[in-house]
Each structure stands twice: as structure tokens, then as C-alpha cells.
Amino acid sequence: MRRTVDSAPAPPALPLLSRGAHRDPTAGACLMEYTALLAGERFGDRPSCTHPGLAQLARQVNDRVGDEVRPALVTRAPALASIGPDHTGVMGAVASAVIVAHYRQAPDSLLLQRRMLVAAILRDRPTGGRWARRRDLVRLAQLTNACLDAVERRVGSSEDRDRVLVGVLDRALAPLGSGPSRPGRLGPVHPPAVDGRQVPGGPYPWG
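What this report covers is the structure whose coordinates are included nearby. (Residues numbered from 1 in each chain as written. Predicted model: local features only at pLDDT ≥ 70, side-chain atom pairs only at ≥ 80, totals over all residues. Heavy atoms only, no water.)

## Description of the environment of Asp45
Counting through the fold element by element, Asp45 comes out in the loop between α1 (31-38) and α2 (52-64). On the basis of relative accessibility, which here comes to 17%, the residue Asp45 falls in the buried class. Residues Asp45 and Arg59, spaced 14 residues apart in sequence, show a C-alpha to C-alpha distance of 7.9 Å. Once you skip the residues sitting within four places of it in the chain, Asp45 turns out to touch Ala21, Cys30, Met32, Glu33 and Arg59. Separated by 2.8 Å, the side chains of Asp45 and Arg46 make a polar contact. (Helix = DSSP H or I, 4+ residues; strand = E, 2+ residues; numbered from the N terminus. Buried < 20%, exposed > 50% of the residue type's maximum accessible area, 1.4 Å probe, protein only. Contact = heavy atoms within 4.5 Å. Polar contact = N/O pair within 3.5 Å; in protein donor to acceptor, adjacent residues only side chain to side chain.)

## Looking at the pattern of salt bridges
Tallied over the full model, the rule gives 13 salt bridges. Arg19 is the salt-bridge partner of Asp67, the closest N and O atoms lying 3.3 Å from each other. Of the two residues, Asp67 sits in the loop between α2 and α3 (77-81) while Arg19 sits in the segment before α1, which places them 48 residues apart along the sequence. Residue classification places Asp67 among the exposed residues on the basis of a relative accessible area of 54%. Each of Arg19, Asp67 and Arg70 takes part in salt bridges that share partners, so that together they form one network. (Salt bridge = Lys/Arg side-chain N within 4 Å of Asp/Glu carboxyl O.)

## Observations regarding helix α5 (residues 112-124)
The end-to-end C-alpha distance of α5 is 18 Å, a good match for the 18 Å that 13 residues give at a rise of 1.5 Å each. Its buried side turned inward, α5 meets α4 (90-105) and α6 (130-154). (Expected span 1.5 Å × (residues − 1).)

Rendered as C-alpha cells:
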């Protein structure tokens, strides 16, 4: 079944989504700036209501998808606002989501196995002190960027790129008990539509 991304418009009282950071809402907003406004926080792309590991994935997806699809990302903002820094399992959920996308689009990559090992460490490492958390967030950001770069190099069209990228964000949200508030005309990628098949990886199954 072919699945694409919903394109519901943003509410008129809030700014439209666009790439990058913005000075204030009159200039637009990225997904995380929009989330900050929705949560009643100060305008910015690092609101305290969202786990920083999830926020960096949301910023990456916001900046990589096409202009026609980006407005639909606002349906993910309520879920993002509800998954705070103390929410358990976020590092693993994000690492798993980007690794699954990498494997599906570029299974022959020479770096895939190494990235799977990094993702497994991030997923399974116990919560440490402040320095350890910062280190792991940096590693997660590097892993996310590398995996999404690999995905974009392999997808065949802008429509497929958008579908896969929004699917990565939805896959990360699904095990955390949150997902987009409603599917729209272009389609699912809400949690029930997430493909649950495992990815081969020796002792590191990803599903």
C-alpha cells in the first residue's frame, strides 16, 4: 500500500513552518519553534517541554522535507510538547528510528554496521550524569545526521524523501506513547502505519 504524508494546514493564529531558525514568529517558525509556542514557552527551537534528542530529530526533519509537506508537521507538535527531558526511552527510540530508515534505504552502506553499534549503545546505555547525557546527545545528533544523509542520497524522488523522513519522526514518536494528532489527506505515517519488521543486525535487532 502506498503511504504518503498528510498536508493539513497550520492553524491561522500560529506561524507557518519554514526551514531554519527564526528571529520571531512574524518571520515564520520551524517545527520546534512552533512547539514552543504551542506549549506556552518562549519562542525558540529548544523548548524545555521536549526531550533534546527528539527535538534535534524534529529540527532535521523540518529542514529536510519539502515546502509542500512541511506544514503538515504541525500535527506532530502536541506529541513533541508532551515528551520532556525526563521521558524514558527517547534516546533509544530516536536511534532505532534513524537506523531502520538507513537500513531500508541503504542496506549496503559500509558504515551501517558501525552506526548500528553506536545506536545500540545509545539505546541500551543507562542514564548517566550531566556530562554523559551531553556526550550521548552529541552522538545521537551525529548519528541522526549521518543516517538521514544516507537516506536522502538513496531515495528516488522528493515525494519518497518526504514520506521516509516524516516516517522517521513518527517511528520515533510511536513507542513513546505519542503520535500525530490526526491523519490527513496525504496520509498516515501515524503509529499504526509504522512497519514493525525487524532489521538484521546480529545481536542488535531493530524493530
